[in-house]
Amino acid sequence: MSYGSRQSDLRAAESEKNRAGVRVSMPVKVLAFYPDKMTVDVQPLVKESIDGQYASAAPLMGLRVACLCAGEFTIRPWYKRGDVGWVIVSDFDADAVLKTGAEAEPNTARNHAPEDGLFVGGVCPDGKAPTGLPGNAVVVAAGGTYIAVSADGVKINGNVTVTGTLSAGGIEMTTHTHQGDSGGTTGGPQ
């Protein structure tokens, strides 16, 4: 074997070792959810190889939870222990940016550190996919209660509580009444 060939093999081995240490993303299970901070504690689900033996990875604590926030609109998830999701690991320490939402220098020199991850939930393992919900629709559901939006319209299954004014077809329903045959009103809101 030539010197050049050995150097090439050494560089390839070193490159492989470096790639093995880089964390990009991983499946995890929720240990705890903190809605006041929108953070989770999670347990990585893929075991790590340590000296040729597989062992559970250390839990990741206080990871931020991905929400959909656009202007004044928010879709906030609500997680419970045992939910499965995914952690996306940041290339850099992004704590300063995530505190302010503005451009900032990293607080540390960390790169691809799992503690700089973002939790994205909603992964359904085989056999755990939601059932009984309408197809061909965007559905927001909690058990058997749901709102389904499709090209055909909006379908609501479950009880509805309205706080504020409810209007339908231009008629304000919370104070609307009907006149009875004798000229009086019948009942309360109709």
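From a predicted model like this one, the values you see are computed outputs, not experimental measurements. (Residues numbered from 1 in each chain as written. Predicted model: local features only at pLDDT ≥ 70, side-chain atom pairs only at ≥ 80, totals over all residues. Heavy atoms only, no water.)

Caption draft 1: Just the pairing of strand E9 (residues 117–121), in detail. With two bridges joining them, strand E5 (residues 60–65) and E9 adopt parallel strand pairing. Following the sheet pairing, valine 65 is matched in E9 by phenylalanine 119. Bridging between strand E8 (residues 84–89) and E9 involves five bridges; their strand directions are antiparallel. Its bridge partner being in E9, valine 89 is matched across the sheet by glycine 117. (Pairing = 2+ DSSP bridges. Helix = DSSP H or I, 4+ residues; strand = E, 2+ residues; numbered from the N terminus.)

Caption draft 2: Spatial organisation of the nonpolar core. Ranked by internal contacts, the top residues of the largest apolar core, which has 14 residues, are Val40, Val42, Val65, Val87 and Phe119. Elements supplying a minimum of two residues to this core: strand E1 (25–34), strand E2 (39–44), E5 and E8. Beyond its immediate chain neighbours, meaning those up to four positions away, valine 42 contacts Val28, Lys29, Val30, Leu31, Pro59, Leu60, Leu63, Val87 and Phe119. (Core = buried A, V, L, I, M, F, W, Y, C linked by side-chain atoms within 4.5 Å. Buried < 20%, exposed > 50% of the residue type's maximum accessible area, 1.4 Å probe, protein only. Contact = heavy atoms within 4.5 Å.)

Caption draft 3: Examining the sheet that holds E1 more closely. Taken in spatial order, the five strands close into a barrel running E1-E2-E5-E9-E8, and their pairing is mixed. Here the average twist between neighbouring strands, direction ignored, is 55°. With six bridges connecting them, E1 and E2 associate as antiparallel partners. Looking across to E2, one finds that tyrosine 34 is bridged to threonine 39. (Axes fitted to C-alpha atoms, helices over the stretch in contact; angles between N-to-C directions.)

Caption draft 4: Region of interest: the packing of aromatic side chains. Across all of its chains, the model carries three aromatic pairs by this definition. Ring centres 5.3 Å apart and planes at 80° place the aromatic pair phenylalanine 33 and tryptophan 78 in the edge-to-face group. Separated by 45 residues along the polypeptide, phenylalanine 33 in strand E1 and tryptophan 78 in the loop between strand E7 (73–75) and E8 bring together distant segments of the chain. With 5.0 Å between their ring centres and 85° between their planes, tyrosine 79 and phenylalanine 119 make a pair best called edge-to-face. Note that tyrosine 79 is positioned in the loop between E7 and E8 and phenylalanine 119 in strand E9, a separation of 40 residues in sequence. You'll find tyrosine 79 and phenylalanine 119 in the same group, each marked buried. Ring-pair connections join several aromatic residues into one group, and the members of that group are Phe33, Trp78, Tyr79 and Phe119. (Phe/Tyr/Trp six-rings, centres within 6.5 Å; stacked < 30°, edge-to-face > 60°.)

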